[in-house]
Amino acid sequence: MRQLLRFIPLLVLLLAACGGAGGMPTSGPAGTPVPAELQGEWLYGRISTIQYYDPVTGSWGQPNGAGDRFRLEADGKYERTRLLQISTYGCESSLFIWEKGTVKLDLEKSQITFQPWTGAVKSQSCSPSHTYEKKGPGAVNPETYNAEMDQNDSGQSVLRLRVGLGGGGAGRQQAEG
């Protein structure tokens, strides 16, 4: 649980940093109409349970993990946020991608294409001096996934997005009730 709590502030900080970026478009054209079962927020993520504590400095190492959150609107617009955090032997690297755009659905091929019209990318490799950052139109490239709806063992809807042979499943946030 401690690893999860350490990961959340980093994601919030990165979301805040990109959400206020000036000069980026705030709206764009509508995409393919999205069926009701695909509309809403989808989440995918994993955080490593392996973390280290340095008794000399008294500090915890950053967790390893990845997350993907996207929201699909009825008119085909979307917003997506992704984060990858890797820590190995004192080298902490991260990749953050935020984007807004439209989706193109090809139901015959079971494919979804995210077509961003604005976004932000920020990465750091081992040192703040090795930082890359790009914002605005063209910052994020379009991506196409093979998509299929499924259910997990709990009966929760899962949207499986795959590129080639790999891919994970994005689930809906469970409502308490």
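Residues numbered from 1 in each chain as written. Predicted model: local features only at pLDDT ≥ 70, side-chain atom pairs only at ≥ 80, totals over all residues. Heavy atoms only, no water.

It is worth spelling out the side chain of D68 at this point. Relative to the elements of secondary structure, D68 occurs in strand β4 (residues 65–72). The class of D68 is buried, set by a relative accessible area of 15%. Reaching out from D68, the side chain makes a polar contact with the side chain of R80 at a distance of 2.7 Å. (Helix = DSSP H or I, 4+ residues; strand = E, 2+ residues; numbered from the N terminus. Buried < 20%, exposed > 50% of the residue type's maximum accessible area, 1.4 Å probe, protein only. Polar contact = N/O pair within 3.5 Å; in protein donor to acceptor, adjacent residues only side chain to side chain.)

Now for the state of the cysteines. Inspection of every chain in the model, using the stated rule, returns one disulfide. Linked covalently through their sulfurs, C91 and C126 form a disulfide whose S-S length is 1.6 Å. The sign of the S-S torsion, about -65 degrees, decides the handedness of the disulfide formed by C91 and C126: left-handed. In this pair, C91 is assigned in strand β6 (residues 91–106) and C126 in the loop between β7 (111–125) and β8 (127–135), connecting sequence segments 35 residues apart. (Disulfide = S-S within 2.5 Å.)

Now for the confidence of the model for the protein chain. Across the protein chain, pLDDT averages 77, with 74% of residues at or above 70. Per-element mean pLDDT across the protein chain ranges from 37 in helix α1 (residues 2–19) up to 94 in β7. Overall, residues 1–24 carries pLDDT values under 50, and its contacts beyond four positions in sequence, including any with other chains, amount to 35 contacts. Scored below 50 in pLDDT, residues 173–177 shows four contacts in the model against residues more than four places distant or in partner chains. (pLDDT = per-residue confidence, 0-100. Contact = heavy atoms within 4.5 Å.)

Counted under the stated rule, the structure contains eight salt bridges. Here E99 and R82 are joined by a salt bridge, their closest N and O atoms 2.7 Å apart. In this pair, E99 sits in strand β6 while R82 sits in strand β5 (residues 77–88), placing the two residues 17 residues apart along the sequence. The exposure class assigned to E99 is buried, which follows from its relative accessible area of 1%. In this structure R82 comes out as buried when scored by relative accessible area, which is 14%. A salt bridge links R82 to E143, with the nearest nitrogen and oxygen atoms 3.1 Å apart. In this pair, R82 is assigned in strand β5 and E143 in strand β9 (residues 143–151), connecting sequence segments 61 residues apart. Bridged by salt links that share partners, the residues D68, R80, R82, E99 and E143 form one connected network. (Salt bridge = Lys/Arg side-chain N within 4 Å of Asp/Glu carboxyl O.)

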